[in-house]
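# Examining the three-dimensional arrangement
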Amino acid sequence: MQSRGRRAIVTGLAVVIAIGAAGCTSPEVMPVPTPTPTYTSDYVTPEPVVYAPLTGMPVDDPASIERPSLAAKIDNHWDARPQVGLESTDLVFEELVEGGLTRYMAVWHSHLPKEIGPIRSIRPMDPDIASPLGGIIAYSGGQLRFVALMQQTDVYNAIHGQPDTADVMYRTSSKAAPHNVIVKARELVAAHSDLAAPPQLFAFADSADASTAAREGKAISGVDLVFGSSSQPSWRWKQGVWLRSQDGEPDLDSAGNRLSAVNVVVIRVPVSYGLGVPKTELIGSGEAKVLSGGRIVSATWSKASRTAPIRLVDSTGAVIRLAPGNSWIELVPTSGSVSAIAAK
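Summary of the structure given here. Computed from a prediction, not measured in an experiment: that's the story for all the values here.

Okay, helix H3 (residues 144-151) next. Since the α-helix turns once every 3.6 residues, residues separated by three or four places project in the same direction. Taken together, the buried positions of H3 are Phe146, Val147 and Met150. Projected down its long axis, H3 shows its buried positions confined to an angular sector of 100°, all on one face. Elements in contact with the buried residues of H3: helix H2 (126-130), strand E7 (136-139) and strand E8 (156-159).

Here we have three strands laid out as an open sheet, ordered E6-E10-E9, and antiparallel in their pairing. The sheet terminates laterally at strand E6 (115-116) and strand E9 (169-171), the two strands that pair on one side only. In this structure, E9 lies alongside strand E10 (residues 181-184), joined through three bridges in antiparallel fashion. Its bridge partner being in E10, Met169 is matched across the sheet by Val183.

Now for the packing of aromatic side chains. Going through the model one piece at a time under the given rule, you end up with three aromatic pairs. Measuring from centroid to centroid gives 5.2 Å for Tyr104 and Trp328, while their planes differ by 80°, and the two rings are edge-to-face. Highlighted residues: Tyr104 in strand E5 (residues 102-108) and Trp328 in strand E24 (residues 327-333), separated in sequence by 224 residues. According to the relative accessible area criterion, Tyr104 is buried, its value standing at 0%. By the ring-pair criterion, three or more aromatic residues cluster together here, those being Tyr104, Trp235 and Trp328.

Okay, the pairing of strand E17 (residues 263-269) next. Burial runs high along E17: seven of the seven residues are buried. Residues Asn263, Val265, Ile267 and Val269 point to one face of E17 and Val264, Val266 and Arg268 to the other, with burial holding for every one of them. Bridge count between E17 and strand E20 (residues 284-292): five bridges; the pairing is antiparallel. Its bridge partner lying in E20, Val264 is registered against Leu291. Pairing analysis gives seven bridges linking E17 to E24, with the strands arranged parallel. Bridge pairing links Val264 to Trp328 in E24.

Turning to the environment of Arg244, a few remarks are in order. Looking at where Arg244 falls in the secondary structure, it is placed in strand E14 (residues 241-246). Arg244 gets classed as buried once you look at its relative accessible area, which sits at 0%. Sequence separation between Arg244 and Val266 is 22 residues; the distance between their C-alpha atoms is 14 Å. Residues within four places of Arg244 in sequence aside, it is in contact with Asn76, Glu94, Tyr104, Pro233, Ser234, Trp235, Pro250, Asp251, Arg258, Leu259, Trp328 and Glu330.

Among the nonpolar cores identified, the biggest contains 37 residues, and Ile137, Phe202, Ile267 and Leu312 are the most heavily contacted of them. The residues contacting Ile267, other than those within four sequence positions of it, are Glu287, Ala288, Trp301, Ile310, Ile329, Glu330, Leu331 and Val332. Grouped together as the second largest cluster of nonpolar side chains are 36 residues, Val183, Leu188, Ala261 and Val332 included.

Right, let's get into the environment of Ala203. Note that Ala203 resides in strand E11 (residues 203-204). For the pair formed by Ala203 and Arg321, sequence separation is 118 residues and the distance between their alpha carbons is 4.9 Å. Residues within four places of Ala203 in sequence aside, it is in contact with Val319, Ile320, Arg321 and Leu322.

Moving on: the side chain of Lys303. When you line up the elements, Lys303 lands in strand E21 (residues 295-303). This buried residue, Lys303, is left without a salt bridge; Asp128 holds the nearest opposite charge, at 5.9 Å. There is a polar contact of 3.1 Å between the side chain of Lys303 and the backbone oxygen of Asp128. Discounting residues that sit within four places of it in the chain, Lys303 has contacts with Asp128, Pro132, Leu282, Ile283, Gly284, Ala308, Pro309 and Ile310.

Here we take up the pattern of salt bridges. For the coordinates displayed, the defined rule picks out 12 salt bridges. A salt bridge links Glu98 to Arg123; its shortest N-O distance comes to 2.9 Å. Here the residue Glu98 occupies a position in the loop between strand E4 (91-96) and E5, and Arg123 occupies one in the loop between E6 and H2, the gap between them amounting to 25 residues. For Glu216, the salt bridge goes to Arg215, with nearest N and O atoms at 3.4 Å. Taking the relative accessible area as the measure of exposure, Glu216 reaches 45% and is therefore partly exposed. Through salt bridges that share partners, Glu94, Arg244, Asp251 and Glu330 make up one connected network.

About the criteria used
Residues numbered from 1 in each chain as written. Predicted model: local features only at pLDDT ≥ 70, side-chain atom pairs only at ≥ 80, totals over all residues. Heavy atoms only, no water. Buried < 20%, exposed > 50% of the residue type's maximum accessible area, 1.4 Å probe, protein only. Helix = DSSP H or I, 4+ residues; strand = E, 2+ residues; numbered from the N terminus. Arc of directions from axis to C-beta. Contact = heavy atoms within 4.5 Å. Pairing = 2+ DSSP bridges. Phe/Tyr/Trp six-rings, centres within 6.5 Å; stacked < 30°, edge-to-face > 60°. Core = buried A, V, L, I, M, F, W, Y, C linked by side-chain atoms within 4.5 Å. Lys, Arg positive; Asp, Glu negative; His and termini not counted. Salt bridge = Lys/Arg side-chain N within 4 Å of Asp/Glu carboxyl O. Polar contact = N/O pair within 3.5 Å; in protein donor to acceptor, adjacent residues only side chain to side chain.

Function cannot be read off these values alone, since they describe shape.
Printed below as a string of structure tokens:
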């Protein structure tokens, strides 16, 4: 019995030793992980987009719009047409003057042509139009009381016939006086590069389709305007822009191209005659129509002071956004008329 017991113990120990030996085999060697290389991004932060303040258009060279704006009182008599440089404007304000005619307060900033004109004399409403812009205003003179009003603003007055404009203004032989005073625009602006660039006057959408009129307005083919007995311009929507006509004929620039606008802003204004000439009254508020993207929307305009810009809002009080591009602001007297032409 003892012999069988010892054999059982020996056998058990052998099993245990065998199991232990099996459990003592060398562990599998795991590979050492290779560290991930440090990540270096090649992303370059893009330059911020800079927009021209008077058109809402992106600008390739921000330095090009650091200059002051140039406003000019442009003649619109038939003997002055075709005018020089109107095709390059950021803004054009059309206003009633004597005899039922109109003149322009044209504004250049984003694009500055070599020459502009013909320029004519100042009128009493022009300080209200030009003051929010700052910069320079060019004109041929005018009644001393109206010149004094313009000189009381913060806008630099460049007047034909003065010593400081002798090198930048001249009379062209291609037109008869008084419709022939031309301004060397680039030279005039370069002489006053210390003046500030203009502020933004109107709100702009990101695209034409996102403009207020395009989103909320009614489709039209154009609009007919009556300023007075001798001025009845019109606009027609063609080729993605508003094309201008005067006296029943296409209104052409000096290169033979038809004048056009991305936006046409029609502002109904009272006109007073107490100063002996028509004066558009711009300090106040009234009805307006805004044309963008082939559509028209009703608006209310207001201007709080001489230096304040014109503000445009819709029926809910929301700010009207124009399409990016140039604009014509038609200051149509309340005694005149505005007729929208239904879309075909």
